[in-house]
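# Coordinate inspection notes
Listed below, chain by chain, are the residues.
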Amino acid sequence: MSEHDQKLVLGIDFTSAPSRRKPITCARAEFDGARLSLVELMHLHDFESFEALLATPGNWIAGIDFPFGQARRFVENIRWPLTWDGYVDEVSRLDRNGFRKILEDYKRDRPPGDKQHKRTCDVLTRSQSPQTLYGTPVALMFYEGAPRLLASGAHLPFNHDGDISRVVLEAYPGVAARQLIGNRGYKSDAKPNQTAETHDAREDLIAALTGESGQTAYGFSVDAPRELAEDPGADDLDALICAVQAAWGFSRADRGYGAPSGVDRLEGWISDPSLLSA
């Protein structure tokens, strides 16, 4: 990439129930190989807008914050097809209640500690099992997101061969935040938890991301306003982090988009340099 080339990078903070109160947040940025510059923030209030974004003609790369896959152990035990395309297509044929029932039935009679399984990348990044329905319902995010990715025809490295001008990587802001500010809580949608401490953590996170720590971690500088720290839910900040993780993956497009060796194509992976060091 020459210094005059610009790559469009999208960072998307996803939700399983988009609305005007809680939209899907998209950070649109430009990347020249040395600097990622935030251009604008977009707020998508319904899935139709998300689908339209995925259908936008390339050339772009996106990082999206939801689990693209399920653990191999779960897929094998539930006897879903043993390809990502196959079991995501299976999920697309279920309504939300049917999908929820499969997950609840699966764990009902299993012993403690063996009810919900993690992918290898979940273990490495300390993220939740993609079977999780409560708290942060990442299982429902998978249910709503993965079939739409498959239907979009975009290219998902190691999961689905699609339109190479539209590349989508799984992102996870939590692992980046831990690398930059440790285990400090920095966001909450619940007002009682929106404290001075979480505000300070967001300020430190955006400062680290746009400063020397971020450049050391990701190999390029990040240009974004410090005002992103003012959103207590950190949707805007998380979308920016997703863009950073997507740009990092793009910078290693010739090396499997930065994927660690031995990626399980059934499960997928998360785009972040911490997986390589782990």
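Please read all numbers here as calculations on a predicted model, not as lab measurements.

Read across the open sheet, the seven strands follow the order β5-β6-β4-β1-β2-β3-β7; overall the sheet is mixed. Every interior strand has two partners, whereas the edge strands, β5 (154-155) and β7 (221-223), have only one. In the sheet, strand β3 (residues 35-44) pairs with β7 via three bridges, with the strands oriented parallel. In the strand pairing of β7, Arg-35 is matched with Ser-221. Running at roughly 135 degrees to strand β1 (residues 7-13), helix α10 (residues 235-250) makes contact with β1, β2 (24-31), β3, β4 (60-64), β6 (163-170) and β7 of the sheet.

In this model, the largest pocket occupies a volume close to 910 Å³. The wall of the largest pocket is formed by 39 residues, among which Asp-65, Gln-128, Thr-136, Tyr-172 and Lys-187 lie closest to the centre. Those elements that place two or more of their residues in the lining of the largest pocket are α6 (138-152), α7 (173-181) and α10. Among the elements that take part in the lining of the largest pocket, α7 stands out by supplying four residues, more than any other. Partitioning the lining of the largest pocket into residue classes produces 14 nonpolar, 12 polar and 13 charged. Each pocket or cavity is described by its volume, and for the second largest pocket that value is around 180 Å³. Looking at the second largest pocket, it is lined by 13 residues, and the ones nearest its centre are Arg-21, Lys-22, Asp-189, Asp-231 and Asp-235. Tallied by class, residues from the lining of the second largest pocket come to two nonpolar, five polar and six charged.

On to the state of the cysteines. Considering all chains together, one arrives at zero disulfides under this definition. Take Cys-242: it sits in no disulfide, and the sulfur closest to it among the cysteines is that of Cys-26, at 9.7 Å.

This brings us to empty space enclosed by the protein. Considering all chains together, one arrives at one cavity of 30 Å³ or more under this definition. Roughly 50 Å³ of volume is contained in the largest cavity. Lining the largest cavity, in full, are Phe-68, Leu-156, Pro-157, Asn-159, Val-168, Leu-169, Glu-170, Gly-268 and Trp-269. Looking at the lining of the largest cavity residue by residue, the class counts come to six nonpolar, two polar and one charged.

A few words on the pairing of β1. Within β1, six of the seven residues are buried, which leaves the element mostly enclosed by the surrounding structure. Across seven bridges, the pairing between β1 and β2 is antiparallel. If you follow Leu-10 over to β2, its bridge partner there is Arg-28. Here five bridges tie β1 to β4, and the two strands are oriented parallel to one another.

How each quantity is defined
Residues numbered from 1 in each chain as written. Predicted model: local features only at pLDDT ≥ 70, side-chain atom pairs only at ≥ 80, totals over all residues. Heavy atoms only, no water. Pairing = 2+ DSSP bridges. Helix = DSSP H or I, 4+ residues; strand = E, 2+ residues; numbered from the N terminus. Contact = heavy atoms within 4.5 Å. Axes fitted to C-alpha atoms, helices over the stretch in contact; angles between N-to-C directions. 1 Å grid on protein atoms, 1.4 Å probe; cavity = no way out; pocket = protein on both sides within 12 Å on 5 of 7 lines; lining within 4 Å. Points joined across faces, edges and corners; volume = space filled by probe spheres on them. Nonpolar A, V, L, I, M, F, W, Y, C, P; charged D, E, K, R; others polar. Disulfide = S-S within 2.5 Å. Buried < 20%, exposed > 50% of the residue type's maximum accessible area, 1.4 Å probe, protein only.

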